[in-house]
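Here is what each chain is made of, one letter per residue.
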Amino acid sequence: MNRKSLFLLTLVAAFALLLAACAGGAPAPAAGGEESAQAPAAGEAAAAEGGAQEVVIGFTASQTGKYNVESDRQTTGLQMWMDDVNNAGGITLGDGTVLTFKAVSYDDESNKDRVQELYTRLATEDNADFLISPYSSGLTAAAAVIAEQYGKPMITTGAASDATYKQGYTQVYQAYTPASRYLTSAVDMLTALDPEAKKIAIVYENSKFSTGVAEAAQAYAQEKGYDVVLFEGYDPDTKDFNAFINKIEAAKPDAIMGGGHFQDGSTFARQLNEKGVDVKAVTLLVAPPEPTFAELGDAALGVTGPSQWEPAAKYSEEAAQEAGLEWFGPSSDEFTSAYESAKGEAPSYHAAGGYAAGLLLQKAIQDADSVDPAKVKEALDNLDVMIFFGHEKFDTSEESHGLQVGHDMIIIQWQKDDSGNLVKQVVWPPAGATADPIYPIP
Amino acid sequence: MGEVLITSALDGLLIGVIYGLAAMGLTLIFGVMDVINLAHGPLIAVGMFGVYLLFTFLGINPFVALLIMAVIGLLLGFFIYFVAVNRVIDAPPLSSLLSTFSVNMMIIGVGTALLTTSSYNVEYSLGSFEFGFFRVPGARLMAALAALVVTGLLYLFMYRTRPGKYIRAVADNRASAELMGIPSTRILALAFGIGVMLAVVAGGLIATILPINILAGGSFELKSFVIVVLGGLGNPLGALFGGLILGLIEGLVPVVMKTTWVPVIEYALFVLILLVRPQGLMGAKK
């Protein structure tokens, strides 16, 4: 063994390290299997005579690029809302004007710079009356600047990050539950299920989204009097959680909360099960609501996860009455079956979010009885309604205007049906629940 | 605290044996022919997917599939040796680095095209065993045992059989070995084949316990470099030893500090060993 080969080996190891680092940073491929983007057909202008008006809704869709799948679904949902309204004859205002809607949209290529160019175009050349956000927090942040600049009210969907609503904007309204509240429902549920439980371990993927969620959950849990016995991140590439799980076991938590994305979350759940960790509740981000989570078999049983929306959620007029809220639009069942018959698959929450964004705008226009942006904005500020997507209400404070404060994450849990198959049940909030939570998990 | 330390240490040792096996292929090839096989990681991935495909589509028990993959690995090793290594074996080291790196890129390219970079799981469970407070998944225990058996067989082969002795002779001094009538090219091919076989087998074992993807071999290749330096370059038994140390670090460090410190400590150790004991803890090949 000579010096030269040692040096070479070191060099190679360093190079391999670099390669591995680069590979780690490469974007994951989209989850495939989706039909390609369909260009949204422009809403047919209803040729109603006298007082008919066409309202232009502008948005971009990621027909190409990494957000293609989710964005497609979101656009499909939005388009479905528009078709529903237009097919029903549009909205009739107090003065007899009949409003119909027309979509103007472009492909943003999942690219921020394109988003800014295109939203500027939508606001100036296409004279969009209202805007809907693109998919994802990043693209929405770029679009929000333009909406604000041109004073066009924008409903955002598919964008959970809190940051966009803390910039002092006044025209941007968030339909999704913000990231900071992804796990707070899980803490609330634990409080309701077991007042004796006091210890929570929060373990999360070291990524921007999960870290933000975990930090907010920690603050919330501590505020509620919980002892956060472990608060620690793990590398996004982690495949072997055994050492980590030993550490969790040593902290003896009642509940484990955290996770990150699908891959790490499902591996973590599998290894928790293999090690037979004795906890009463496990709540993970992103992974559990995915249908493929059921492939874990027994390891999936009892695992809970927050989701923006689920087809099974029972939001309905009755639920709204019980909660003392105004109800608007189709029920969750109606939306789901309409979507299924149109698309041949169950709607994901991305699609539901697209429909919900349109519905919120419609509600605001009806409340304002006008399409004047200032009046619609005022109506959005005052909105407090339950729709099939859940409760919707916006923050009107100066520091976080437009932030969603009504919508709660629903929590799903994998349970077994009578024939022993794993099924996803909505267990929280009680207004949308389809089954009682299993607690403690077996 | 005591229980956690023991559990974590045992968990670490179990995975460490497999790390050691993965590194053994790398160190064997380096020890015999001074070639750093940059296709090591992708070859580990070949083992992972071989076992995955045989198990998932043909229903073959993963440990039987491992035997099939061992044979395939050996043949693949011969093939790679004659196509990519033999011609550059006497050229400056950069040539063999580049040629094995090309093999790396080819395997990754084909694998990504066929399998994407998504993760897969070998849905195989052996339940779990409990030893007092220590609970271990059966598949992990089996994988560790299998790795020990393979290591034992490698030693029997190297020290008790004629081809094994030839390999050691060629590693020691190729020119003299040739003068003694040892067909060095064939022996080099055999050594390379065995090195690849070890990588493939390690990959197959990993597939039984952890999720896999086509790039997953990379992190084991990286660990292998650290292990090889820890244990001593070109010393297969040292690799096992280095693997156990790495496993212990991964098991025990998280007990006392944040998990994210594990790679920092591993690579700090790597640099430290290179500085103060470049021949490795167990001594390098002379």
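Residues numbered from 1 in each chain as written. Chains lettered and ligands numbered in written order. Predicted model: local features only at pLDDT ≥ 70, side-chain atom pairs only at ≥ 80, totals over all residues.

Chemist: What's the story with the overall build of chain B in this structure? I'm lost.
Modeler: Counting its secondary structure elements, chain B contains 11 helices and two strands. If you line up chain B on its principal axes, its C-alpha atoms span 60 × 50 × 35 Å. Looking at chain B residue by residue over its 286 residues, the buried ones come to 53%. In chain B, 76% of the contacts between residues at least 6 apart in sequence involve partners at least 24 apart. (Helix = DSSP H or I, 4+ residues; strand = E, 2+ residues; numbered from the N terminus. Buried ≥ 20, exposed ≤ 12 C-beta atoms within 10 Å, placed from the backbone. Contact = placed C-beta atoms within 7 Å.)

Chemist: I would appreciate a short explanation of the overall build of chain A in the present structure.
Modeler: Broken down by element type, chain A carries 12 helices and 16 strands. A buried classification covers 50% of the 442 residues belonging to chain A. Of all intrachain contacts in chain A linking residues separated by at least 6 positions in sequence, the fraction that spans at least 24 positions is 68%.

Chemist: Can you walk me through the sheet that holds strand β6 (residues 172-174) of chain A in this structure?
Modeler: Strand-to-strand pairing in sheets goes through backbone hydrogen bonds, with the strands running parallel or antiparallel. Residues and elements named next belong to chain A. As summarised here, the arrangement of the six strands in space is β2-β3-β1-β4-β5-β6, forming an open sheet in which the pairing is mixed. The open sheet is flanked by β2 (91-92) and β6, the only strands paired with a single partner. Two strands pair when backbone bridges link them, and strand β5 (residues 154-156) and β6 are joined in this way by three bridges, in the parallel orientation. If you follow isoleucine 155 over to β6, its bridge partner there is tyrosine 173. Set on the sheet, helix α2 (residues 68-87) makes contact with β1 (52-61), β2, β3 (98-107) and β4 (130-132); between it and β3 the angle comes to about 160 degrees. Along the sheet face, helix α4 (residues 137-150) touches β4, β5 and β6 and points at about 165 degrees away from the line of β5. (Pairing = 2+ DSSP bridges. Axes fitted to C-alpha atoms, helices over the stretch in contact; angles between N-to-C directions.)

Chemist: Help me out: how do you make sense of the environment of threonine 156 of chain A in this one?
Modeler: All names here are of chain A. Its location among the elements puts threonine 156 in strand β5. Placed 198 residues apart in sequence, threonine 156 and glycine 354 show a C-alpha to C-alpha distance of 9.0 Å. Contact partners of threonine 156, with chain neighbours within four places excluded, come to Ser133, Thr140, Val172, Tyr173, Gln174 and Ala175.

Chemist: Could you clarify how one ought to interpret the confidence of the model for chain A in this entry?
Modeler: Reading predicted coordinates in detail is not appropriate for stretches of low pLDDT. The predicted model of chain A averages 87 in pLDDT, with 89% of residues at 70 or higher. Predicted confidence is poor over residues 22-49 of chain A, with pLDDT under 50, and the contacts of this stretch with residues over four places away or in other chains come to 38 contacts. (pLDDT = per-residue confidence, 0-100.)

Chemist: Please explain the nonpolar core as it appears in this structure.
Modeler: Nonpolar side chains in soluble globular proteins generally cluster together in the buried interior. Leu131, Ala143, Ala269, Tyr355 and Ala356 of chain A are the most contacted members of the largest nonpolar core, which totals 116 residues. Broken down by element, the residue count for this core peaks at 11 residues, all from helix α11 (residues 349-368) of chain A. Shared between two domains, this core takes at least three residues from each, and those domains are domain 1 (52-177 + 313-393) and domain 2 (181-307 + 410-432) of chain A. When near neighbours in sequence (up to four residues on either side) are disregarded, leucine 131 of chain A contacts Gly58, Phe59, Tyr119, Leu122, Ala147, Lys152 and Met154 of chain A. Of all hydrophobic cores here, the second largest spans 96 residues; its members include Val17, Val226, Leu230 and Leu240 of chain B. (Core = buried A, V, L, I, M, F, W, Y, C linked by C-beta atoms within 7 Å. Domains from an automatic or database assignment.)

Chemist: For this particular structure, what's the right way to read the pairing of strand β1 (residues 128-131) of chain B?
Modeler: Along a regular strand, successive side chains alternate from one face of the sheet to the other. Residue and element names in this part refer to chain B. Bridging between β1 and strand β2 (residues 134-137) involves four bridges; their strand directions are antiparallel. Across the sheet, residue phenylalanine 131 finds its bridge partner in β2, namely phenylalanine 134. Between β1 and the antiparallel strand that follows it, β2, lie two residues; glycine 132 among them carries a positive phi value of about 65 degrees.

Chemist: Help me out: how do you make sense of the pairing of β1 of chain A in this one?
Modeler: Residues and elements named next belong to chain A. Where β1 meets β3, 10 bridges bridge the pair, whose relative direction is parallel. Bridging across to β3, threonine 60 finds its partner in tyrosine 106. Sheet analysis places β1 next to β4, joined by two bridges and oriented parallel. Residue pairing for β4: glycine 58 is matched across the bridge by leucine 131.

Chemist: Sorry if this is basic, but what is going on with the environment of alanine 287 of chain A here?
Modeler: Residues and elements named next belong to chain A. Mapping alanine 287 onto the fold places it in the loop between β10 (281-284) and β11 (304-307). Residue alanine 287 is classed as buried on the basis of its 23 C-beta neighbours within 10 Å. On a C-alpha basis, the gap between alanine 287 and glutamate 326 in space is 32 Å, while along the polypeptide they are 39 residues apart. Every residue in contact with alanine 287, bar those within four places of it in the chain, is listed here: Gly259, Phe262, Gly265, Ser266, Phe293 and Gly305.

Chemist: What is the right way to read the domain arrangement of chain A from this model?
Modeler: Interface extent is often summarised as the accessible area lost during association of the parts. Residues and elements named next belong to chain A. Partitioning chain A into domains gives domain 1 (52-177 + 313-393) and domain 2 (181-307 + 410-432). The C-alpha-based centres of domain 1 and domain 2 are spaced at 31 Å. Per-element tally for the side of domain 1 that touches domain 2: the top contributor is helix α9 (residues 317-323), with three residues. Within the side of domain 1 that touches domain 2, the residues separate by chemical class into five nonpolar, two polar and two charged. (Nonpolar A, V, L, I, M, F, W, Y, C, P; charged D, E, K, R; others polar.)

Chemist: Please explain the packing of α11 of chain A against helix α12 (residues 373-382) of chain A as it appears in this structure.
Modeler: Any two packed helices are characterised by the angle at which their axes cross and by the distance between the axes. All names here are of chain A. Look at α11 against α12: their axes get within 8 Å of each other, and the N-to-C directions meet at 110 degrees. On the basis of their axis angle, the class for α11 and α12 is roughly perpendicular. The chirality of how α11 crosses α12 is right-handed. For the pair α11 and α12, contact is made by Ala364, Ile365, Asp367 and Ala368 and by Lys375, Val376, Glu378, Ala379 and Leu380, respectively. Per-class residue counts for the contact of α11 with α12 are six nonpolar, no polar and three charged. (Parallel < 35°, antiparallel > 145°, perpendicular 65-115°, else oblique. Left-handed = near helix turned anticlockwise from the far one by under 90°.)

Chemist: Help me understand helix α6 (residues 208-223) of chain A in this model?
Modeler: Working note: α-helix, 3.6 residues per turn, so residues spaced by three or four point in the same direction. Residues and elements named next belong to chain A. Look at α6: 23 Å from first C-alpha to last across 16 residues, which is about the 22 Å you get at 1.5 Å a residue. Those residues of α6 lying buried are Ser210, Val213, Ala214, Ala217, Gln218 and Ala221. Here the buried residues of α6 occupy an arc of 140 degrees about the axis, which is enough to place them on one side. For α6, exposure combined with an orientation more than 90 degrees from the buried face picks out Lys208 and Glu223. Glycine 225 occupies a position one or two residues after α6 and carries a positive phi of about 90 degrees. (Expected span 1.5 Å × (residues − 1). Arc of directions from axis to C-beta.)

Chemist: Just checking my understanding: could you explain unusual backbone geometry for this structure?
Modeler: Across the chain, the bulk of peptide bonds are trans and the bulk of non-glycine residues have phi less than zero. All names here are of chain A. In the segment running from tryptophan 428 into proline 429, the intervening peptide bond is cis, with an omega of -5 degrees. Mapped onto the secondary structure, proline 429 falls in the segment after β16 (422-428). Its identity is not glycine, yet aspartate 369 carries a phi of approximately 55 degrees, on the positive side. Relative to the helices and strands, aspartate 369 is located in the loop between α11 and α12.

Chemist: Quick question: what am I supposed to make of the sheet that holds strand β13 (residues 384-387) of chain A here?
Modeler: All names here are of chain A. Strand order in the open sheet formed by three strands is β12-β13-β14, with mixed pairing between adjacent strands. Among the strands making up the open sheet, the edge pair consists of β12 (326-327) and β14 (390-393). Bridge analysis of β12 against β13 gives two bridges, and the strand direction is parallel. When the sheet's bridge partners are listed, tryptophan 327 is paired in β13 with methionine 386.

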